[in-house]
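A structural walkthrough
Below are the chains, spelled out letter by letter.
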Amino acid sequence: MKDNRHYILTPNYSLRGWKLLPYAVQHLYGLKTEFYKEHEWELFKACDGQTDICWDDLPEEDRSLYEHWLNGGFIRPAEEGECLQPLQEYKFYNARFKESVQWSITGKCNYKCRHCFMSAPHAAQGEPSWEQLIKMLDSFERCGIKGLNLTGGEPMIRKDFWQLVDEILRRGMIIPNLYSNGYLITDSFLDELDRRHIQPVFQFSFDGVGYHDWMRGIDGAEKAVIDAMIRCRERGYRFGASMVLFKENKESIRDSVNLLASLGCSYLKVGNASPQGEWKDQPEHYLTQEETYEAFLEYIPHYYEDGKPLTIGLEGFFNYDVNYNEVGSFNEKGIAESKFGKALMCGHVRREMYVSPKGNVLSCMSMVGGPIEDQFPNMLETPLEDILDSKSLYMDIVNYRVSDFMEHNPECRICEYRCLCCGGCRALAVRDHPTDYLAKDEITCKYFKDGWKEKKDELLRGIGASN
């Protein structure tokens, strides 16, 4: 007698497909989408609880795949008569794949941050109407976008915030992250999240012990965000933070990291303020890139002395992941020259995108407010599926390879650091070249050519850390 088996997708997984990527398995309640070759996907498709899978006739390679998926929790043996739930059945989206979007649902804010690149204190981006939000949400749903990370401005100041949250959840989408200054993260706010059985990760801003109020333009802002963090920790909500450096607070990194770690913060991103928006008229507070790197070099030994209290990223210069005990630098891509024709200039834009309060579809939030923003398509004017399948700046960015950058910048083709740098960060490049997406990233150039990488590597060797 032949060994016939019946497998079924576990309740968390579904069969999905998009243009150019028709064979996928997606988590229903998290950001996890995996793509397969047609034959592999046909094996997955047979896991419907009804199809006979003749184990004796399967090649060893196919058996190994099933065993791998069983161990990974994708599938399980089916009970008699069991079948897939409607949400799990195959659905094809007639659009290019995007997994998540960072969505600014308002350009307004309850703070007066001195460095705001989108000039939220003056509501330069405005605020989309409810009808416009729904139009954008309809587009996200049609394109099969799973995760909506809500940001602003300050997203919670919208009077229809909970109405929007309920509409997102009703459509089977998820809210992985909420970006906030913390002022409105009260117990009653968390009660509303609990009532909906969702636990987004909070992304807070914290600009240094003793300096946060000044940068945020509001008395009591530092206490408010600390209280919000304590509240989140006590109620089991995860959170991270970002810190903007300027002349006055550059000595506060150590105190700030240790405070945040004591509050339960899981990671901190530290970076220089971009000279645009509200910040462009305050040069007396600017740090040069050299001053920023000096501040990082001064802090790194303290980070190790303090026991690496949380995961940290120092603006591409240095990062350490405490979960994997890995040290690195986002500036150092390390791609072989032979792979430049396939290597993407920016990997995260393949799965993610940013949508501004005006409806502009951008590759990165930090490009809002700069001259390049007007070059991007607008999803309130053009259907999102058309934007994702068109010849536009956004799709150019999605498709640009390192070889395109090298062709655009001949001097970079002969640079000794070309395989480490690979053109650097596009968001940083447009700071100095506001309308040229393929321009040189001058900041990453300084990191390599001015010897900062060597200084950092020597420092790490001196304190017994590896790079």
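Read on for an overview of the structure.

Definitions and limits used
- Residues numbered from 1 in each chain as written.
- Predicted model: local features only at pLDDT ≥ 70, side-chain atom pairs only at ≥ 80, totals over all residues.
- Heavy atoms only, no water.
- Helix = DSSP H or I, 4+ residues; strand = E, 2+ residues; numbered from the N terminus.
- Rg over C-alpha atoms; globule rule 2.2 N^0.38 Å.
- Areas by Shrake-Rupley, 256 points an atom, 1.4 Å probe, with all protein chains shown as cover.
- Lys, Arg positive; Asp, Glu negative; His and termini not counted.
- Charge placed at Lys NZ, Arg CZ, Asp CG, Glu CD.
- 1 Å grid on protein atoms, 1.4 Å probe; cavity = no way out; pocket = protein on both sides within 12 Å on 5 of 7 lines; lining within 4 Å.
- Points joined across faces, edges and corners; volume = space filled by probe spheres on them.
- Nonpolar A, V, L, I, M, F, W, Y, C, P; charged D, E, K, R; others polar.
- Core = buried A, V, L, I, M, F, W, Y, C linked by side-chain atoms within 4.5 Å.
- Buried < 20%, exposed > 50% of the residue type's maximum accessible area, 1.4 Å probe, protein only.
- Contact = heavy atoms within 4.5 Å.
- Expected span 1.5 Å × (residues − 1).
- Salt bridge = Lys/Arg side-chain N within 4 Å of Asp/Glu carboxyl O.
- Phe/Tyr/Trp six-rings, centres within 6.5 Å; stacked < 30°, edge-to-face > 60°.
- Lys NZ or Arg CZ within 6 Å of the ring centre and 35° of its normal.

1. With respect to the overall build of the protein
The helix and strand tally for the protein stands at 16 helices and 19 strands. Scaling as 2.2 N^0.38, a compact globule of 467 residues should have a C-alpha radius of gyration of about 23 Å, and the protein matches this with 24 Å. If one aligns the C-alpha atoms of the protein with their principal axes, the spans along those axes are about 80 × 55 × 45 Å. Taken as a whole, the protein presents about 21000 Å² of accessible surface, with 49% of it coming from carbon and sulfur. Computed over 55 positive and 73 negative side-chain charges, the separation of the two mean positions in the protein equals 2 Å.

2. Topic: empty space enclosed by the protein
Per the counting criterion, the structure on display carries 1 cavity of 30 Å³ or more. Looking at the largest cavity, its volume works out to about 140 Å³. Secondary structure elements with two or more residues in the lining of the largest cavity: α12 (402-408), α13 (418-421) and α15 (442-449). When residues of the lining of the largest cavity are assigned to their parent elements, the largest contribution, 3 residues, is made by α15. Considered class by class, the residues forming the lining of the largest cavity number 9 nonpolar, 1 polar and 5 charged.

3. Structural notes on the nonpolar core
Ranked by size, the top nonpolar core spans 113 residues in total, and within it W103, F140, L148, L150, F202, F318 and L384 carry the most contacts. Excluding anything up to four places from it in sequence, F140 contacts V101, W103, I145, L148, M173, M353, V355, M379 and L384. By size, the runner-up hydrophobic cluster in this structure holds 22 residues, among which are L43, C47, I53 and Y66.

4. Concerning helix α3 (residues 130-142)
Here α3 is 13 residues long and its end C-alpha atoms lie 18 Å apart, about the 18 Å a rise of 1.5 Å per residue gives. All buried positions along α3 are accounted for by L133, I134, M136, L137, S139 and F140. Looking at the packing, one finds that the buried side of α3 touches β9 (100-104), β10 (147-151), α4 (161-170), β18 (352-355) and α10 (384-387). Following α3 by one or two positions, G144 adopts a phi angle in the positive range, close to 75°.

5. Thoughts on the environment of L20
Mapped onto the secondary structure, L20 falls in the loop between β3 (13-19) and β4 (21-27). The spatial distance from the C-alpha of L20 to the C-alpha of A95 is 8.8 Å, given a sequence separation of 75 residues.

6. Some details on unusual backbone geometry
Looking along the chain, the bond that leaves G152 and enters G153 is cis, with omega of 15°. Locating G153 in the fold gives a position in the loop between β10 and α4. We note that S119 has phi near 50°; this positive angle belongs to a residue other than glycine. As for its placement among the helices and strands, S119 is situated in the loop between β9 and α3.

7. Brief notes about the pattern of salt bridges
Summed over all chains, the structure comprises 29 salt bridges. Notably, a salt bridge pairs K391 with D396, separated by 3.1 Å at the nearest N-O pair.

8. Examining helix α7 (residues 221-234)
Its 14 residues give α7 an end-to-end C-alpha distance of 20 Å, which sits within 8% of 20 Å, the value for a rise of 1.5 Å per residue. Taken as a whole, α7 has its buried residues at A221, E222, A224, V225, I226, A228, M229 and C232. Of the surrounding elements, those touching the buried residues of α7 are α5 (187-195), β12 (201-205), α6 (212-216), β13 (239-245) and α8 (253-263). G236, located one to two residues past α7, shows a positive phi value of around 85°.

9. A short note on the packing of aromatic side chains
Remark: the centre distance and the inter-plane angle together describe each pair of aromatic rings, the angle taken between the planes. Within the structure shown, the criterion is met by 43 aromatic pairs. On the numbers, 6.2 Å between centres and 40° between planes, the contact of W55 with Y66 is tilted. Here W55, found in the loop between β6 (53-54) and α2 (60-71), pairs with Y66, found in helix α2; they are 11 residues apart in sequence, far enough to count as distant. Assessed through its relative accessible area of 1%, Y66 is described here as buried. A connected cluster of aromatic rings, assembled from ring pairs, spans Y7, Y13, Y36, F44, W55, Y66, W69 and F74. Lying over the aromatic face of Y437, R426 brings its terminal NZ or CZ to 5.9 Å of the ring centre. Residue placement shows K456 over the ring face of F317; its charged tip is 5.8 Å from the ring centre.

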